[in-house]
Protein chains: 4
Amino acid sequence: MDRDAKSEMTSEIVQAEGHLIDSGNLQAILTSVVEHPAEYEILRLDVGRTNESPSRLSLKLLAPSDESLQALLAKLSVFGCYVEGAPHAIVRAADMDGAAPDDFYSTTNHRTSVWLDGRWVTAADQRMDAVLIVEDGRVTCRKLRDIRKGDFVVCGMQGVRVQPDLQSRDKPTFGFMSNEVSSERRVETAVARVADMMRRARNDGGRIAFVAGPVVVHTGGAEYFCELVRLGYVQVLLSGNALAVHDIEVALSGTSLGIDLATGSPVEHGHRNHMRAINAVRRAGGIGPAVTSGLLTRGIMHACHMHGVRYILAGSIRDDGPLPETMMDLIAAQNAYADALEAVDVVVMLSSMLHSIGVGNMIPSWVKVICVDINPAVVTKLADRGSTQTVGVVTDVGLFLHQLATALKG
Amino acid sequence: MDRDAKSEMTSEIVQAEGHLIDSGNLQAILTSVVEHPAEYEILRLDVGRTNESPSRLSLKLLAPSDESLQALLAKLSVFGCYVEGAPHAIVRAADMDGAAPDDFYSTTNHRTSVWLDGRWVTAADQRMDAVLIVEDGRVTCRKLRDIRKGDFVVCGMQGVRVQPDLQSRDKPTFGFMSNEVSSERRVETAVARVADMMRRARNDGGRIAFVAGPVVVHTGGAEYFCELVRLGYVQVLLSGNALAVHDIEVALSGTSLGIDLATGSPVEHGHRNHMRAINAVRRAGGIGPAVTSGLLTRGIMHACHMHGVRYILAGSIRDDGPLPETMMDLIAAQNAYADALEAVDVVVMLSSMLHSIGVGNMIPSWVKVICVDINPAVVTKLADRGSTQTVGVVTDVGLFLHQLATALKG
Amino acid sequence: MDRDAKSEMTSEIVQAEGHLIDSGNLQAILTSVVEHPAEYEILRLDVGRTNESPSRLSLKLLAPSDESLQALLAKLSVFGCYVEGAPHAIVRAADMDGAAPDDFYSTTNHRTSVWLDGRWVTAADQRMDAVLIVEDGRVTCRKLRDIRKGDFVVCGMQGVRVQPDLQSRDKPTFGFMSNEVSSERRVETAVARVADMMRRARNDGGRIAFVAGPVVVHTGGAEYFCELVRLGYVQVLLSGNALAVHDIEVALSGTSLGIDLATGSPVEHGHRNHMRAINAVRRAGGIGPAVTSGLLTRGIMHACHMHGVRYILAGSIRDDGPLPETMMDLIAAQNAYADALEAVDVVVMLSSMLHSIGVGNMIPSWVKVICVDINPAVVTKLADRGSTQTVGVVTDVGLFLHQLATALKG
Amino acid sequence: MDRDAKSEMTSEIVQAEGHLIDSGNLQAILTSVVEHPAEYEILRLDVGRTNESPSRLSLKLLAPSDESLQALLAKLSVFGCYVEGAPHAIVRAADMDGAAPDDFYSTTNHRTSVWLDGRWVTAADQRMDAVLIVEDGRVTCRKLRDIRKGDFVVCGMQGVRVQPDLQSRDKPTFGFMSNEVSSERRVETAVARVADMMRRARNDGGRIAFVAGPVVVHTGGAEYFCELVRLGYVQVLLSGNALAVHDIEVALSGTSLGIDLATGSPVEHGHRNHMRAINAVRRAGGIGPAVTSGLLTRGIMHACHMHGVRYILAGSIRDDGPLPETMMDLIAAQNAYADALEAVDVVVMLSSMLHSIGVGNMIPSWVKVICVDINPAVVTKLADRGSTQTVGVVTDVGLFLHQLATALKG
């Protein structure tokens, strides 16, 4: 870029603090600028001399237009950059229900603060893809559809600050196997680490949520999942109709999708058995009544009911039945999921891309996530949505649960 | 099995007709008996002397118990076996809303007839996992939840007959590449066949439905899909919130999940652009109003709106927003899907396992299905649900649509 | 096809016997004729009245040209059809070393007999893609490159008979999970069946060969594989350089591809450790000397050496080193593999597509094959090469071996 | 770590220069130290103020033992760290043929220099997993097996320096889609970039090598590959027996693995056609003679022969035949591959994991690599071996080649 071009560029100075280097944020910031494309000048970079002390960066950005500069600021904010001087955030009143002003600030899943009346106010209910609502000096994340006309909505990037590096401090402990998603890894090592993390979480009074698909049942993992429930390692179960249906199918007829779990052979047309299971529970009035009446005496749903695990079944377009507990109103189901995920410390995702993406949208970046699937593409996809927080394990889910239950019992 | 055991076995005689051999049904019947385990004696097998004439089978079954025999009959019924003499079907009144008697007959997706008052009555609204309701001499498939107390429900296997081989007559024409699901195939050959089938369907006045996931947009297939719409090859589009959101994101900002489709580079934090797209449509009052007002001027949803394609967006737990048109009440969404699928002749499933399974549950076995996905496991899974009717193509969806649009234009 | 066309067709009568229906051969024969395209007329079909008795088929084929008819006969021969009257096979002398006459008969992996001097002579060394050499009244399968000028080579289809259905009699016992390749299955059930089959094979004095890739080591399966060796369930190990290198890397440094198997963390640049392992073995003079000298004290190669398991390492273009035992001359390696596979009853293929395809080319169709891989496409591909004989298990190889060793110990 | 522990630590000071931040090396260095575990103190970090100027780092390392420290130095050297003062490299004479001293320096694929007699000497024939041989003041990479007794081998880390960041300067141009491997991308964008890169490489007189598996033929890519040959974009073709066999099978019989490429239907038992192709070429005396004699008139091998493309076919354990040109001596094949790859600027890997890994082992990190496969796990695996240099495209190979040929023609 020649001098003339440069002289016509607009500029802005941004700041960032924290573990800029080992979090990868410094690299991400500088690469983002170059690829934008824009230019940078490092005004100051104080690197913590040891791995315990934070770093500080002051960076001058030059972009060809104000529009380009604003887009760059938006991009950099997810890596913790904020504008020096922190002018008061721009807050506009919503002009209608269920939608924000065009230039609303859309959240990431990282801890977010807003500069209001001379102080940084940290947002509550942090989640991604939300708007920031200012009310009585407090800031809250809210979904577009929950905006009401007159709500004060944070707009633009000004006065908004993101702290993306909280998780990375834990990396040496948590970040095993995080370099790449691969099926060519020793799962027993991963299981030992996950078991250790779950044990520490429970010792600290933390809560663990599982997201699980029907593959848990098909691969024979149900009995081991029940063991985890009995051992107290499951506080919340988020799933859909299918997991419950196939779990109950096994409990009532010994088959999963019509395959006998003991022999591996098909015993009858599969849909028949799963439809009989649905019908039986509908006749009983639901899973709870089916346990109470003695119809349902084993399996995951039985264990959850008996041990007070909060379970939420969200409906989907593919659902048969559904079971009475399955929530076919998805607004209600999303609210129930989000409510159950409050104050959860660890989420274990087992072979359910649909529900896992749903949950990933709802949780802040400091919740630890373990994602288990036999398909590496699924693990990669889920990990990409929150790279620093997710550990992926590519393996057979049934055998993983067997190993995990053994590790947590021992 | 020794003689004594045999003498204590119960027996039944079943019949089957049609293209028993080239459909694979004869093999399936005999193998099912052996694996049950039970025994068979072939009383009569008239094989059509040429490939144009049907075959007839009369088979004696021997099973160790009546329960085992009934289970075997259930299994065999999907291959077209029915009990000789066809005693009147057993019909019971439902004793409650939303559930059937325990021994209800659960349907397959094959054409099903019930022996009532001395004649075979073919069920309407054929779909799998339904109950058969008898009303005024007619038989209809109905979902469990739609049963009302007092409805007459067909129970057991007696007097029920399934005709699974209708599709197979078409096999030599339709069944290209049907031997195995593999990515090691020439897609251009498959495209030519699919294009030919679509052309014939349209020439005969047939209707074509597409089931499509957001990967259609991410892989750059949207413009080619629009071409199919303009050429009149899309009567119905069944999808979810994500396809529409990312399509509109491209239309408004040129990115899909934040990736610039023209350059392949990320242009800004992706969630921002897709959230802005959702917000813009919510502000406009929906996709229709967004087209009318001139906000939305291109892309799949625009093309569908302009060309009168019926589109239905079913909600899911992972949805952001959602768009006003997205149906978050899944009972309503399932009903809308089923309604739109009536009188459809061909379904093309593009990279959406969730919606494709949903659709697969709703359509009878004589609707032709083409399933395209880059993941062979998805194609296998969808094809397994209706093997004779589904052709799987393992390939890149964007490039597939490019080829298909070119083939249909030429 | 009109009458005139028909009258100009050439025809031939073929026979087939055996379990035509439950093996699927009858369906395959008739479908092949229709898809060829040609026509058939069933002259006689005696179906075994029970599942224990064989069937007999006499079929008239009509094809538009003699060339088409010969191609059809070739296709049908793999399903057991042979030409009535069995004229003496056509045998020609090879006119050069290393190649056959143009119309040579290329073998399948099914038992093959040749009509010579009024009797059926069964070929020795049955394998696929070989030529049939007649010498002193005996028939042997031989590779193209091993033909010598003057060898008598069977040409055309005449007087050649294939018996493809031997395996299928075992199907009800062996064929668990054979319907489809899927990761959505309970692996513990498959393990129990495989363990049972291995136990029976050993009780009958049978030999078991393993084909294994380095993933066995990376996934932590090595210690369980050693257990199988100690328990006497491994007679032959067929692999490449990489398995041995990474096994020895673990034995010497505790890492596999540089990943510490105990902690799952990278401990140093991986290539360094595996190169050090190679160098150490090269300095010792080979795996055997490394065991004898006390350098190598654990791992798969150590166990094989100590328990007299015959192991053959075939080289590949990707090999580093290689280890002294790795055979970089592939003609010699193929011969060594084939030699080791003689009289083997069961082959277990563990995560090595390359070596597994090589082995699959060498073994006859009556050797039982279990194929384990976490990638369903690999399992499908291997099973497609010999569908009736192969059982596929889609799972984590390390955990599979853990389960298998536990099952065989118990 | 308390003060006493610290005082017992050994320390060393290392340097690094270059684009430390945007290459990710600074982050990798600091993270490696922490995860080792060891400690660091940043003595100096001069960050280039703009994205055009290099950075300089001076770092004090503290490790609990000398052994730990040496392991850490080894790990850091791949990120460009070298020991201050650069003492003369340690060089030892090899004590035997075919193996190095135990502590030999094993190379990476990055440009490597050795401090000899007061100057940095850059190694020739850079490749990974080699030893550094010093001869007449020059340094050369050599494979273990090519070491001769008395050769001078560089040992330990001292006086060795790696420059890993050469590639990253190109990143903004080259690094499209490099963030993640995903099938959910627009391939047409990737094709445009690859075409552009190939065009620039050829304009600069660069050489392009293709590594290709038989899937290129099965997916119908052969005609488009031939187009690339005709257009002058293929200087070297590295493959195995199978690509050539199936290409010639198509040329002679129109089928690939027995599947008719024009109709997608199997035309005869596939192994027959491919065996006939092999036999025909063996009779002709090889691919070259088969072209000259007029037997082979089309396809990839024909095009390579006619346009002077250097092709090398490396044998494997799965090979049938083989073709006369297939090198079954893998030492010779590896040497031929390496020789052909000299002075190559771009390598395009098409659906051949085996040969691609082989090639990846041979090329230095500044050769640009494009890796195309429909299986994301393959692309991830190949990209992991040289992350900065490889661009992965997950798509159908046949359609990719169609698009690429169209883009390069236009």
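Parameters at a glance
- Each chain has its residues counted from 1, following the order in which its sequence is written.
- Naming scheme: in the order in which they are written, chains are lettered from A and ligands are numbered from 1.
- Reporting of local features is limited, given that this is a predicted model, to residues whose pLDDT is at least 70; pairs of side-chain atoms are given and counted only at 80 or more, and all residues count toward the totals for whole chains, interfaces and linings.
- Note: side-chain values were computed over all heavy atoms of the structure, leaving out hydrogens and water.
- The secondary structure listing takes helices from DSSP runs of H or I that are at least 4 residues long and strands from runs of E that are at least 2 residues long, numbered from the N terminus.
- Relative accessibility decides the category of a residue: with a 1.4 Å probe and only protein chains considered, values under 20% of the type maximum give buried, values over 50% give exposed, and everything between is partly exposed.
- Per-residue and other accessible areas were derived by the Shrake-Rupley procedure at a 1.4 Å probe size, with only the shown protein chains allowed to occlude residues.
- Any two residues whose heavy atoms approach within 4.5 Å at even a single point are treated as in contact.
- Two parts placed together each lose some accessible area under a 1.4 Å probe, and adding up what both lose gives the buried area.
- Here, a salt bridge means any side-chain nitrogen of Lys or Arg that lies within 4 Å of a carboxyl oxygen of Asp or Glu.
- Copy-to-copy alignment: least squares on C-alpha atoms, limited to residues at pLDDT 70 or above in both.
- Interaxial angle, 0 to 180 degrees, is taken between N-to-C directions of lines fitted to C-alpha atoms, where a helix line uses only the stretch in contact.
- Note on terminology: angles under 35 degrees are roughly parallel, angles over 145 are roughly antiparallel, angles of 65 to 115 are roughly perpendicular, and the others are oblique.
- Each crossing gets its handedness from the near helix: less than a right angle anticlockwise from the far helix is left-handed, clockwise is right-handed.
- Three classes are used: nonpolar for Ala, Val, Leu, Ile, Met, Phe, Trp, Tyr, Cys and Pro, charged for Asp, Glu, Lys and Arg, and polar for all others, with Gly counted as polar.
- Only a pair of cysteine sulfur atoms within 2.5 Å counts as a disulfide in this structure description.
- What makes a nonpolar core is a set of buried Ala, Val, Leu, Ile, Met, Phe, Trp, Tyr and Cys residues whose side-chain atoms join them at distances within 4.5 Å.
- Multiply 1.5 Å by the residue count of a helix minus one, and that product is the helix's expected span.
- Two strands form a pair only when DSSP identifies at least two bridges running between them.

*Asks:* Which residues make up the overall build of chain A, and what are the values?
*Replies:* Each helix and strand counted, chain A has 15 helices and 19 strands in total. On the principal axes, the C-alpha backbone points of chain A span a range of 80 × 50 × 40 Å. Residue burial in chain A is summarised as follows: out of 410 residues, 64% are buried. Accessible surface, chain A: about 14,000 Å² in total, of which carbon and sulfur atoms supply 47%.

*Asks:* A description of the interface of chain D and chain C should follow, citing residues and the corresponding values.
*Replies:* Between chain D and chain C, the contact holds 61 residues from the first and 61 residues from the second. Buried surface at the junction of chain D and chain C, both sides included, amounts to about 5,200 Å², of which 54% is carbon and sulfur. Looking at the side of chain D facing chain C, the largest losses of area belong to Arg272(D), Arg283(D) and Ile317(D), adding up to 16% of the total buried there. Linking chain D with chain C are four salt bridges. With a shortest N-O distance of 3.9 Å, Asp102(D) and Arg283(C) are connected by a salt bridge.

*Asks:* How would you sum up the relation of the copies chain D and chain B? Please name residues and give values.
*Replies:* In this structure, two copies of a chain are linked by a rotation about an axis accompanied by a shift along it. You can overlay chain D on chain B at an RMSD of 0.1 Å; the transform is a turn of 180° with a shift of 0.1 Å along its axis. Look at the turn and shift together and you get a two-fold axis relating the two. Looking at the rotation axis and the C-alpha trace of chain D, the residue lying nearest is Asp396(D), at 2.8 Å. An overlap of 100% is found between the interface residues of chain D and their copies at the interface of chain B, pointing to a shared contact surface.

*Asks:* Kindly report on the packing of helix H12 (residues 330–341) of chain C against helix H13 (residues 353–362) of chain C, identifying the contributing residues and their values.
*Replies:* All names here are of chain C. Closest axis-to-axis distance for the H12/H13 pair is 10 Å, and the angle between their directions is 60°. Between H12 and H13, the angle is such that the two are oblique. Taken as a pair, H12 and H13 cross one another with a handedness that is right-handed. Residues Gln334, Tyr337, Ala338 and Leu341 of H12 form the contact with H13, whose participating residues are His355, Val359 and Met362. Class assignment for the residues of the contact of H12 with H13 results in five nonpolar, two polar and no charged.

*Asks:* Please give an account of the interface of chain D and chain B that cites residues and values.
*Replies:* In this assembly, 31 residues from chain D lie in contact with 32 residues from chain B. Of the roughly 2,600 Å² buried between chain D and chain B on both sides combined, carbon and sulfur atoms contribute 53%. Together, Arg186(D), Ile374(D) and Leu399(D) form the three largest contributors to the area buried by chain D at its contact with chain B, with a combined 23%. For the pair chain D and chain B, the number of links is two salt bridges.

*Asks:* For the state of the cysteines, give the residues involved together with the corresponding values.
*Replies:* Enumeration according to the criterion identifies zero disulfides over all chains in this entry. Looking at the unpaired Cys226(A), the closest cysteine sulfur is the one in Cys304(A), lying at 7.4 Å.

*Asks:* Residues and numbers for the nonpolar core, please.
*Replies:* Soluble globular proteins: nonpolar side chains tend toward being buried together. Judged by nonpolar contacts, the single largest core of 136 residues is most densely connected at Leu237(B), Ile300(B), Leu350(B), Leu237(D), Ile300(D) and Leu350(D). Setting aside chain neighbours within four positions, we find Leu350(D) in contact with Phe210(D), Val211(D), Ala212(D), Gly213(D), Val216(D), Phe225(D), Val372(D), Val397(D), Phe400(D) and Leu401(D). With 134 residues, the next largest nonpolar core counts Ala201(A), Val153(B), Val346(C) and Val393(C) among its residues.

*Asks:* For the relation of the copies chain D and chain C, give the residues involved together with the corresponding values.
*Replies:* Rotating chain D by 180° and moving it 0.1 Å along the rotation axis overlays it on chain C with an RMSD of 0.1 Å. The overlap is high: 100% of the interface residues of chain D also sit at the interface in chain C, so the same surface is used on both sides.

*Asks:* Which residues make up helix H5 (residues 187–203) of chain C, and what values do they have?
*Replies:* Residue and element names in this part refer to chain C. Across its 17 residues, H5 extends 24 Å between first and last C-alpha, which sits within 8% of the 24 Å expected from 1.5 Å per residue. Of all the residues in H5, the buried ones are Val187, Glu188, Thr189, Ala190, Val191, Val194, Ala195, Met197, Met198 and Ala201. Positive backbone phi, approximately 80°, marks Gly205, located one or two places after H5.

*Asks:* Explain helix H3 (residues 66–77) of chain A to me, using residue names and the numbers behind them.
*Replies:* Side chains three or four residues apart in an α-helix point the same way, a direct result of the helix having 3.6 residues per turn. Along its 12 residues, H3(A) runs 16 Å from first to last C-alpha, staying within 8% of the 16 Å computed at 1.5 Å per residue. Of all the residues in H3(A), the buried ones are Ser68(A), Leu69(A), Leu72(A), Leu73(A), Ala74(A), Lys75(A), Leu76(A) and Ser77(A).

*Asks:* Can you break down the sheet that holds strand S1 (residues 10–18) of chain A residue by residue, with the values?
*Replies:* All names here are of chain A. Taken in spatial order, the four strands of this open sheet run S2-S3-S1-S4, and their pairing is antiparallel. Of all strands in the sheet, those bounded by a partner on one side alone are strand S2 (39–46) and strand S4 (82–83). Here S1 pairs with S4 via two bridges, running antiparallel. Pairing of Val14 across the sheet is with Val83, part of S4. This element, helix H2 (residues 25–35), spans S1, S2 and strand S3 (55–63) of the sheet and lies at about 160° to S2.

*Asks:* Tell me what's going on with the sheet that holds strand S3 (residues 55–63) of chain C, and back it up with residues and numbers.
*Replies:* All names here are of chain C. Read from one edge to the other, the open sheet built from four strands follows the order S2-S3-S1-S4, with strand pairing classed as antiparallel. Either end of the sheet is taken by a strand with one partner, and the two such strands are strand S2 (39–46) and strand S4 (82–83). On top of the sheet, helix H2 (residues 25–35) reaches strand S1 (10–18), S2 and S3; it is set at about 160° to S2, its chief contact.

*Asks:* How would you sum up the side chain of Thr189(B)? Please name residues and give values.
*Replies:* Take Thr189(B): it is sitting in helix H5 (residues 187–203). With relative accessibility at 3%, the residue Thr189(B) sits in the buried group. In contact with Thr189(B), not counting residues within four places along its chain, are Leu261(D), Ala262(D), Thr263(D) and Gly264(D).

Everything listed here is a matter of geometry and, on its own, says nothing about what the molecule does.
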